[in-house]
Every structure is written in C-alpha cells, then in structure tokens.
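An overview of the molecular structure
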Amino acid sequence: MTTLTFLGQSAVLLEADGKHVLVDPFLTGNPKASASADEVPADVILLTHGHGDHYGDAVPIAKRTGARVVAIVEIANELAEQGVEVADPNLGGTVEFDGGWVRLVPAWHTNTTPNGTVAVAAGLVINFGGRTIYHLGDTALFSDLALPGRRDALDLALIPIGGHYTMDRHDAVEAARLVGAPVVVPVHYDTFPPIETDAQAYKQDVEGAGIARVEVLAPGATLEV
Ligand code: NI
Ligand code: MN
C-alpha cells in the first residue's frame, strides 16, 4: 500500500514502508502548499519538468534530505551542477530507487527551468509500495496517454485539469478514458486565477461516464492507494 498526500498544484508525497517519494515539490511561493520545504520528507525526488511550479524547491530539499533527484537529462545535468545527486534518464528510460522505479513518458508541453535550461517535458509512471501511479505532469490531451497503461496495470492517475497551461477539465475527461486507471486525482488547478476550474464538475463528468472514480483532494489530504 502507498499513501498519497496532495501538497498542492502538482506536488504529491508518496509514502510506503517508511520511505518517501516526493514529486514536483513546488512549495515555496505556492499559495496552496500544504507542506514546507524546510520539513517535507524525501528519499527520492521526481520531476516532470522544469517550470517553476514543478521544479520548485527541489534543490534545497535535495540538499537538506540527501535525496536523489530523477529528472530528464538536461535538467538532471543542471541539478548536478548545483551539487545535487541525480539520475538522468530521457523519455522511455526507467530509473530504479529504493522501493520502486520510475519511467519517463512523453507529455505535450514546454520545459524550461527557472535557470534557463531547456528540455522536453515528461510524465512519470511511478511504481512504489507495490502500486503503480501515472503522474501525467503538465500536458495537453494526446492519444499516447493510453500507452503506459498497456504495459503496467495502473492503480491511480494524477491528471491536470486547470486549462490554460495544460488540458482543461473537458479534455481531462477523455484523458482519464485513455489512461484507464481506476482512480483519478485531479491536479494543477485553482492555484492561480488562470487555472481555476470546477473539480467537482470534472468528478461528475468522469464518474457519470463510468470512466473512473475521481478523488478530489484538498491540499494536505491523503489517499490510500
Ligand atoms: Ni509547466
Ligand atoms: Mn505547471
């Protein structure tokens, strides 16, 4: 079993067997953050891409905890130059860590870090605590969202619904259908005015179509996966 805690925006903390996987730790400057960069635990940190609302506090948290950061190679190289221990896959690559693994899969989005490093964006297929979670990262709707679920039986998907910078909640209904996970947690909405949306309406649309169960989590809420 894996315990998922939503930290706001696209940040999630996964806990299993006393270990912690931290994804997209945008906490400082995040008006919805439910954890502090000074305190959040991490044994490994995973990044979907380098935009500030995902890269966030990755460097200070990695330095405080000693966690290794898994990010696409160009961003991993930037992090390594800042003194962070990294793994540097590219799309399609799988990195093992204590308790699980993560594979980078395509996402349709741009990707520049706050320091100017340019790469392509990724989604993350994460296996941890015996569960497989697909974090779509920031992406538009595209048909290859269906591919990760053909290889691995997905237990949960984290899907952006806020629009403007990603797919909106209507495209996210079709995304949930393509991904095929039995449980969906919407992310990347209501943090800032451009991405405000109606998560309860999304839940009604997805559940009404019989696609998946949708768990709308307030920042700080947890879910057993
Ligand atoms: Ni982004
Ligand atoms: Mn974003």
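Described in the following lines is the structure provided in the data block. Bear in mind that the values here come from a model prediction, so they are computed numbers and not experimental data.

Rules used throughout
Residues numbered from 1 in each chain as written. Chains lettered and ligands numbered in written order. Predicted model: local features only at pLDDT ≥ 70, side-chain atom pairs only at ≥ 80, totals over all residues. Heavy atoms only, no water. Helix = DSSP H or I, 4+ residues; strand = E, 2+ residues; numbered from the N terminus. Rg over C-alpha atoms; globule rule 2.2 N^0.38 Å. Buried < 20%, exposed > 50% of the residue type's maximum accessible area, 1.4 Å probe, protein only. Donors = N, O, S within 2.8 Å, 3.2 Å for Na, K, Ca; no water. Contact = heavy atoms within 4.5 Å. Polar contact = N/O pair within 3.5 Å; in protein donor to acceptor, adjacent residues only side chain to side chain.

What about the overall build of the protein chain?
Along its length, the protein chain carries six helices and 14 strands. Taking 2.2 N^0.38 as the reference for a compact globule, 225 residues should give roughly 17 Å; the C-alpha atoms of the protein chain span a radius of gyration of 16 Å, in line with that estimate. For the protein chain, the spread of C-alpha atoms along the three principal axes comes to 50 × 35 × 30 Å. Here the protein chain, with 225 residues, has 57% of them falling under the buried criterion.

Some remarks on the coordination of the manganese ion (ligand 2)
As a benchmark, a tetrahedral metal site with four donors has ideal angles of 109.5 degrees, while an octahedral site with six donors has ideal angles of 90 or 180 degrees. Each protein donor to the manganese ion (ligand 2) is listed here as Asp53 (OD), His54 (NE2), Asp138 (OD) and His188 (NE2); together their distances run 2.1 to 2.2 Å. Expressed as a motif, the donor residue spacing for the manganese ion (ligand 2) is D-H-x83-D-x49-H.

Things to note about the environment of Glu224
Position of Glu224 among the secondary structure elements: in strand E14 (residues 222-224). In contact with Glu224, not counting residues within four places along its chain, are Met1, Thr2 and Thr3. Among the polar contacts listed, one links the side chain of Glu224 to the side chain of Thr3, at a separation of 2.9 Å.

Function-wise, these values are silent; they only describe arrangement.
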